Amino acid sequence: MIYTIAINLFYNGQMVIAVSDLFGYFKRMKSSDYQRYVDSKNMIPISIIVPAYNEEKTIVDNIKSLLALNYYEYEIIIVNDGSKDSTRDKIIKEFELIKVNQPIKVSIQTNEVLGVYRNPKYERLIFIDKLNGGKADALNAGINLSTYPIFASIDADSALENDALIKLTMMFVEHPETIAVGGIVRVSNDSVIQDGKLVEMNIPKSKVALFQIVEYLRAFLTGRTSLSKLNSILIISGAFGAFNKSVVIECGGYKVNTIGEDMDIIMKLHKKMRDEKRKYKIKFLADPICWTQVPESLKDLRVQRRRWQIGLFDSLLNYKSMIFNPKYGTVGMVVLPYYWLFELVGPVVEFLGYVFIPLAYLFGLLEFNSFLIYFIIAFLLGTTLSMGSILLEQISFRKYTTFRKTMRLVLFAFIENLGYRQLTVLFRVEGIFKIRSGRHSWGTIKRKEFAASENHTN
């Protein structure tokens, strides 16, 4: 009971910090000469790297989205990591690419690159075909070929809002000590994307996907915003983040043979900068938006959450020397203990609570009033956090513009704790026990083509 109350109070404390930071961000944006960045030809050029493995359903729309971005100088590097479907052929056919003899500076060792493809008609677009080596290896191959000092990593099932790059790179311009910035990831299932642009924001038909909207709002708008305020963020989502390329190369690039490469690279950056006593910022911004598909079935959700927990466990083990080490500041003294206690061990404690508290009541070891109070407190605290995230979304961004859409989110925020949360806890516990067998296996999640019909209404 104490554990449940403690973790939810911690989360609600994050909410308070997040509210302060978000309103501060909007205040800064109002006084910032944002339009000067939009129209500037002197913004930092950026390389966008898209690792792709069996992404035939979404890859063409993803590329079109990136080609339409409002940014003066950037390149798009698509890395086909040995796909077994028609990903490679669809890209080459759609954009009429031909193989070219382009030298690659190998700063990070990767699996063999089979070819580089281009088309003068799409000057920004570069396509790499390579042997399969995993997502981290594909990102490293993209870094090797990239031209510019900043690179962004983006998932192949995602689409960026038109001004996302500008808002992301503003951090590198205004704060030169910045080495990594993450943007918010939002759910695009059943929304309408045409020519790579999101033109109609819809609520997913899948209840599993709808629950994840509430989760994502809670995780990004509260969790990551608050940790970013403390310069202690440990994960920048692999779906959308930007990095100082030279610092990443200094660190040896992304770690291969792990399914938690997005957390590992941030941990590696924290450790290196702290070890060398260099000033740095690793930030999260809630405004540059990346739209992505989330699992729509419990089977796919199970694969994803199990994978996330294994990746978390792997990264925490690799950097266990940083925990309670004052050398690493807030990261070592506060955030890493929090991740060990609440994010890693938390699902086990919560699962045991679901099992033993009802048993304690049934065997007469717990009075009914105590039993009832536990579940009411757990339900109300969890719901308060979700409702607060939805309210924060409506106050700040208002992406869900109709009353009906907002009310559906509110409804799912209430019922999330009546089954869905318990299932995700179970999936995460399973991930902990599969750390040895699953730490190198990504698993597969079913994708579908982006909705392109204007008749979608929700």
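Residues numbered from 1 in each chain as written. Predicted model: local features only at pLDDT ≥ 70, side-chain atom pairs only at ≥ 80, totals over all residues. Heavy atoms only, no water.

### What to know about the pattern of salt bridges
One pass over the full model with this rule turns up 24 salt bridges. The partner of Arg88 in a salt bridge is Asp89, and the shortest N-O contact between them spans 3.3 Å. Members of the salt-bridge network, linked through shared partners, are Glu250, Lys272, Glu276 and Arg278. (Salt bridge = Lys/Arg side-chain N within 4 Å of Asp/Glu carboxyl O.)

### With respect to the pairing of strand 2 (residues 74-81)
In terms of residue burial, strand 2 counts as a mostly covered element, since eight of its eight residues are buried. Here strand 2 shows a buried face lined by Tyr74, Ile76, Ile78 and Asn80 and a second buried face lined by Glu75, Ile77, Val79 and Asp81. Judged from the seven bridges that link them, strand 1 (residues 46-52) and strand 2 form a sheet pairing that is parallel. For Ser47, the partnering residue across the bridge sits in strand 2 and is Glu75. Bridging between strand 2 and strand 5 (residues 125-130) involves six bridges; their strand directions are parallel. Counted as the bridge partner of Ile78 is Phe127 from strand 5. (Buried < 20%, exposed > 50% of the residue type's maximum accessible area, 1.4 Å probe, protein only. Helix = DSSP H or I, 4+ residues; strand = E, 2+ residues; numbered from the N terminus. Pairing = 2+ DSSP bridges.)

### Quick look at the nonpolar core
In this structure, Ile59, Ile78, Leu234, Phe243, Leu269, Ile282 and Tyr339 are the most contacted members of the largest nonpolar core, which totals 129 residues. Of all hydrophobic cores here, the second largest spans five residues; its members include Ile357, Ala360, Leu366 and Tyr374. (Core = buried A, V, L, I, M, F, W, Y, C linked by side-chain atoms within 4.5 Å.)

### Re the sheet that holds strand 4 (residues 113-118)
The strand order across the open sheet built from ten strands is 3-4-5-2-1-6-11-8-12-7, with neighbouring strands paired in mixed fashion. In this open sheet, the two edge strands, each paired with only one partner strand, are strand 3 (98-100) and strand 7 (158-160). With strand direction ignored, the average angle separating the axes of adjacent strands in the sheet is 30 degrees. Sitting on the sheet, helix 3 (residues 59-67) is in contact with strand 1, strand 2, strand 5, strand 6 (150-154) and strand 7, with an inclination near 165 degrees to strand 2. (Axes fitted to C-alpha atoms, helices over the stretch in contact; angles between N-to-C directions. Contact = heavy atoms within 4.5 Å.)

### What about the packing of aromatic side chains?
This model, assessed by the stated rule, comprises 16 aromatic pairs. Ring centres 6.2 Å apart and planes at 75 degrees place the aromatic pair Phe243 and Tyr254 in the edge-to-face group. Residue Phe243 is located in strand 11 (residues 240-244), and its partner Tyr254 is located in the loop between helix 8 (245-250) and helix 9 (261-275); the two are separated by eleven residues in the primary sequence. Look at Phe243 and you get buried, because its relative accessible area is 2%. Looking at Tyr254, the relative accessible area reads 4%, which means it is buried. (Phe/Tyr/Trp six-rings, centres within 6.5 Å; stacked < 30°, edge-to-face > 60°.)

### Topic: the environment of Phe95
Within the secondary structure layout, Phe95 lies in the loop between helix 4 (87-94) and strand 3. In the structure, Phe95 is positioned 248 residues away from Glu343 in sequence and 43 Å away in space, judged by C-alpha atoms. Excluding anything up to four places from it in sequence, Phe95 contacts Val60, Ile63, Lys64, Leu67, Asn119, Tyr122 and Leu125.

### So, unusual backbone geometry
Positive phi, normally seen in glycine, also occurs at Glu96, with a value near 50 degrees. Within the element layout of this structure, Glu96 appears in the loop between helix 4 and strand 3. What makes Glu96 exposed here is its relative accessible area of 51%.

### Examining the side chain of Ser206
As for its position among the elements, Ser206 is in the loop between strand 10 (197-200) and helix 7 (207-229). On the basis of relative accessibility, which here comes to 13%, the residue Ser206 falls in the buried class.

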